[in-house]
Amino acid sequence: MKNTTQLFGTIIINIVLFVPFTLWAQKLKEVKETGTYKMRIEKSMSESEAERICIQRAKIDAIEKAFGQTVFQGNSTYVQNKNTGSQVETQNIFNSISESLVNGEWLEDIKKPVIEKEITKDYVYIQAVVEGRIREIRSVPITFKSFPLSCPAANCEQLTFKDGQDLYMYFKAPQKGHVAIFADVPTDGKTYRLLPYKYTTSMSYEVEADKEYIFFYNRPGSLSAAEKVDDIQLFLSKKGTSEMTKIFVLYSSEGAFGKPLLSADRTKAEANKLVEKNLETPLFLESEEFQRWLQSTRRDGGQVQLYTTSITINP
């Protein structure tokens, strides 16, 4: 009997289960900018440590003034203008300065940081003003080809599906590498890992150069455990209402990349419903946690390329 896995909200997976990056900075924009930060020196903190932190935060302020703030919301990452508050969805890679993600990198000081102290009755405050040359960071260009399919053939590219319809993914890359595919379900607030397949021990799926792949397709005659894959079906969480699912395809030609911390937990009621229908839920994590993992992976795990698209499931 075919074993079936449900990706709650919109996706069901029928399965016979077998289941550090150097910042790439495209020199698009280099600017001179000034940043300021003021903080209180805690009693447990030395003055030199406070000065170091204050200078780093001032650099963050300068980068955010020039290139915007990083904002995670649901299944997307945005760059928010610090002055107007306007947001633009982005696939940029973000740098990390003092554990804050920023949309640029500090290249060099133009002037020596200016440090000022303010002593009050109870506390000592420190302020840093920095001026430097900074550069915007852009994503690695996409060299692979990938898109959703409604049938296991390359000419079946489609973004609109019917409730209960199968989903396949086409993939082809110019170099040998590693692939992972995730699907985010907004109605569920969760992102599900679809590739590598659920019970594989691999962190990512290894692909050959110039070879066409149709993922989530159990080819006739595939009998070995290594050839078994997860077959995906799309289902509406609310009957009669169209829903969208966002697909993320990650590819790296420089080696395997890690995976996020995943969960298989479901409520007892959901688990019972799955058992009744011979379904199984793929591993998942919260949407915003996935976005944080995604940015960290692309920053630290090699030249990871990212393709995203959205599919619509109709009644």
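Residues numbered from 1 in each chain as written. Predicted model: local features only at pLDDT ≥ 70, side-chain atom pairs only at ≥ 80, totals over all residues. Heavy atoms only, no water.

> Please set out the nonpolar core residue by residue, giving values where relevant.
Grouped together as the largest cluster of nonpolar side chains are 35 residues, with contacts concentrated most on Phe171, Val179, Ile181, Phe215, Phe216 and Val249. Contributing elements (two or more residues each) for this core: strand E11 (145-149), strand E13 (166-172), strand E14 (177-185), strand E15 (190-195), strand E17 (213-215), strand E18 (230-234), strand E19 (243-252) and strand E21 (305-314). Residues in contact with isoleucine 181, not counting those within four places in the same chain, are Met169, Tyr192, Arg193, Leu194, Leu195, Phe215, Phe216, Ile247, Phe248 and Val249. Within the second largest apolar cluster, 17 residues are counted, among which are Cys54, Ile63, Val102 and Ile126. (Core = buried A, V, L, I, M, F, W, Y, C linked by side-chain atoms within 4.5 Å. Buried < 20%, exposed > 50% of the residue type's maximum accessible area, 1.4 Å probe, protein only. Helix = DSSP H or I, 4+ residues; strand = E, 2+ residues; numbered from the N terminus. Contact = heavy atoms within 4.5 Å.)

> How would you sum up the pairing of strand E10 (residues 124-136)? Please name residues and give values.
Two elements, strand E3 (residues 30-41) and E10, share twelve bridges in a ladder whose sense is antiparallel. In the strand pairing of E10, threonine 36 is matched with valine 129. Relative to E10, strand E9 (residues 104-119) runs antiparallel, the two sharing twelve bridges. From the neighbouring strand, lysine 111 faces E10, where its bridge partner is glutamate 131. (Pairing = 2+ DSSP bridges.)

> Explain the pattern of salt bridges residue by residue, including any values.
Counted by the stated rule, this structure contains 18 salt bridges. Notably, a salt bridge pairs arginine 40 with glutamate 42, separated by 3.2 Å at the nearest N-O pair. Residue classification places arginine 40 among the partly exposed residues on the basis of a relative accessible area of 31%. Counted as one network, the salt bridges with shared partners bring together Glu30, Glu105, Glu108, Arg133 and Arg135. (Salt bridge = Lys/Arg side-chain N within 4 Å of Asp/Glu carboxyl O.)

> Could you give an account of helix H3 (residues 287-300), with specific residues and numbers?
With 14 residues, H3 should cover 20 Å at 1.5 Å per step; its first-to-last C-alpha distance of 20 Å lies within 8% of that length. Within the sequence span of H3, burial applies to Ser287, Phe290, Gln291, Trp293, Leu294, Gln295, Thr297, Arg298 and Arg299. (Expected span 1.5 Å × (residues − 1).)

> Before we move on, could you go through the sheet that holds E10 and cite the residues and values that matter?
Reading across from one edge, E3-E10-E9 is the order of the three strands in this open sheet, with antiparallel pairing throughout. Of all strands in the sheet, those bounded by a partner on one side alone are E3 and E9. On average, each strand axis in the sheet is tilted by 15° relative to the strand beside it, whichever way the strands run. Contacting E3, E9 and E10, helix H1 (residues 47-67) runs over the sheet at an angle of about 140° to E3. (Axes fitted to C-alpha atoms, helices over the stretch in contact; angles between N-to-C directions.)

> Quick rundown of the side chain of aspartate 231? Include the residues and the values.
When you line up the elements, aspartate 231 lands in strand E18. We classify aspartate 231 as buried; its relative accessible area is 12%. A polar contact is formed between the side chain of aspartate 231 and the side chain of asparagine 218, at a distance of 2.6 Å. (Polar contact = N/O pair within 3.5 Å; in protein donor to acceptor, adjacent residues only side chain to side chain.)

> Could you give an account of unusual backbone geometry, naming the residues involved and the relevant values?
In this structure, proline 196 follows leucine 195 across a cis peptide bond, with omega equal to 5°. Mapped onto the secondary structure, proline 196 falls in the loop between E15 and strand E16 (205-207). Positive phi is not limited to glycine here, since aspartate 210 has a value of about 60°. One can find aspartate 210 in the loop between E16 and E17. Assessed through its relative accessible area of 54%, aspartate 210 is described here as exposed.

> Can you break down H1 residue by residue, with the values?
Look at H1: 30 Å from first C-alpha to last across 21 residues, which is about the 30 Å you get at 1.5 Å a residue. Those residues of H1 that sit buried are Ala50, Cys54, Ile55, Ala58, Lys59, Ile60, Asp61, Ala62, Ile63, Glu64 and Phe67. Downstream of H1 by one or two residues, glycine 68 has phi in the positive range, about 95°.

> Which residues make up the pairing of E14, and what values do they have?
Across the nine residues that make up E14, a large majority, nine, are buried. Burial along E14 is two-sided: the residues Gly177, Val179, Ile181, Ala183 and Val185 and His178, Ala180, Phe182 and Asp184 are all buried. When E14 meets E16, the two strands line up antiparallel, connected through three bridges. The residue bridging glycine 177 from the neighbouring strand is valine 207, located in E16.

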